[in-house]
Amino acid sequence: WDLTFSAPKDVSALWAVADEPTRERIGKCHEAAVREALDYLEASAGTSRRDIGPPGSKHIAEVGAKLIVASFGHGASRERDPQLHT
């Protein structure tokens, strides 16, 4: 699945014109929000199917599973507008 986590437009606009220390703080807040969203997603939707019976029995159960995630941060939309998103 492909997910996009976008900061609100006013946050992206502030990030685009802010001084470097402020940009870093906004970026860290955005990264923390993305991590929190991914943690929630993993806890609520991270499942796998496992064979829980003797070999060949086909007793299947859904069990909790960890997700493998790659994230890429961006600062502009395709139209080159400020859009802080991951």
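Up top is the structure these notes are about.
Cut-offs used in this document
- Residues numbered from 1 in each chain as written.
- Predicted model: local features only at pLDDT ≥ 70, side-chain atom pairs only at ≥ 80, totals over all residues.
- Heavy atoms only, no water.
- Helix = DSSP H or I, 4+ residues; strand = E, 2+ residues; numbered from the N terminus.
- Contact = heavy atoms within 4.5 Å.
- 1 Å grid on protein atoms, 1.4 Å probe; cavity = no way out; pocket = protein on both sides within 12 Å on 5 of 7 lines; lining within 4 Å.
- Points joined across faces, edges and corners; volume = space filled by probe spheres on them.
- Nonpolar A, V, L, I, M, F, W, Y, C, P; charged D, E, K, R; others polar.
- Axes fitted to C-alpha atoms, helices over the stretch in contact; angles between N-to-C directions.
- Left-handed = near helix turned anticlockwise from the far one by under 90°.
- Polar contact = N/O pair within 3.5 Å; in protein donor to acceptor, adjacent residues only side chain to side chain.

Novice: Could you clarify how one ought to interpret the overall build of the protein in this entry?
Specialist: Each helix and strand in the protein was counted, giving 2 helices and 4 strands. Beginning at the N terminus, the succession of helices and strands in the protein can be written as α-α-β-β-β-β. Along the first, second and third principal axes, the C-alpha atoms of the protein reach 60 × 25 × 15 Å. Excluding contacts between residues fewer than 6 apart, the proportion of contacts in the protein whose partners are at least 24 apart in sequence is 41%.

Novice: What exactly am I supposed to notice about the layout of surface pockets here?
Specialist: Empty pockets left among the atoms are what a rolling probe the size of a water molecule brings to light. Of the voids in this model, the largest pocket is the one considered here, and its volume is about 460 Å³. If you trace the largest pocket, you find 20 residues lining it, with W1, D2, L3, V69 and A70 closest to the centre. Considering each element in turn, the lining of the largest pocket owes the most residues, 4 residues, to helix α2 (residues 20–45). Class assignment for the residues of the lining of the largest pocket results in 12 nonpolar, 7 polar and 1 charged. Here the second largest pocket defines a volume of roughly 300 Å³. Lining of the second largest pocket is provided by 17 residues; of these, E31, V34, R35, S71 and T86 occupy positions nearest its centre. The greatest single-element share of the lining of the second largest pocket, amounting to 8 residues, is contributed by α2.

Novice: Could you clarify how one ought to interpret the packing of helix α1 (residues 9–17) against α2 in this entry?
Specialist: The description of two helices packed together rests on the angle between their axes and the distance between the axes. Direction vectors running N to C along α1 and α2 enclose 145°, while the axes themselves pass 8 Å from each other. Crossing of α1 against α2: the hand is left-handed. Residues V11, L14, W15 and A16 of α1 touch α2, and the partners they reach there are R23, I26 and G27. Per-class residue counts for the contact of α1 with α2 are 5 nonpolar, 1 polar and 1 charged.

Novice: Looking at this structure, I do not really get the side chain of H85. What am I missing?
Specialist: Tracing the backbone shows H85 in strand β4 (residues 82–85). A distance of 2.6 Å separates the side chain of H85 from the backbone oxygen of Q83, its partner in a polar contact. Discounting chain neighbours no more than four positions away, the residues touching H85 are T4, F5, S6, H30, F72, G73, H74 and A76.

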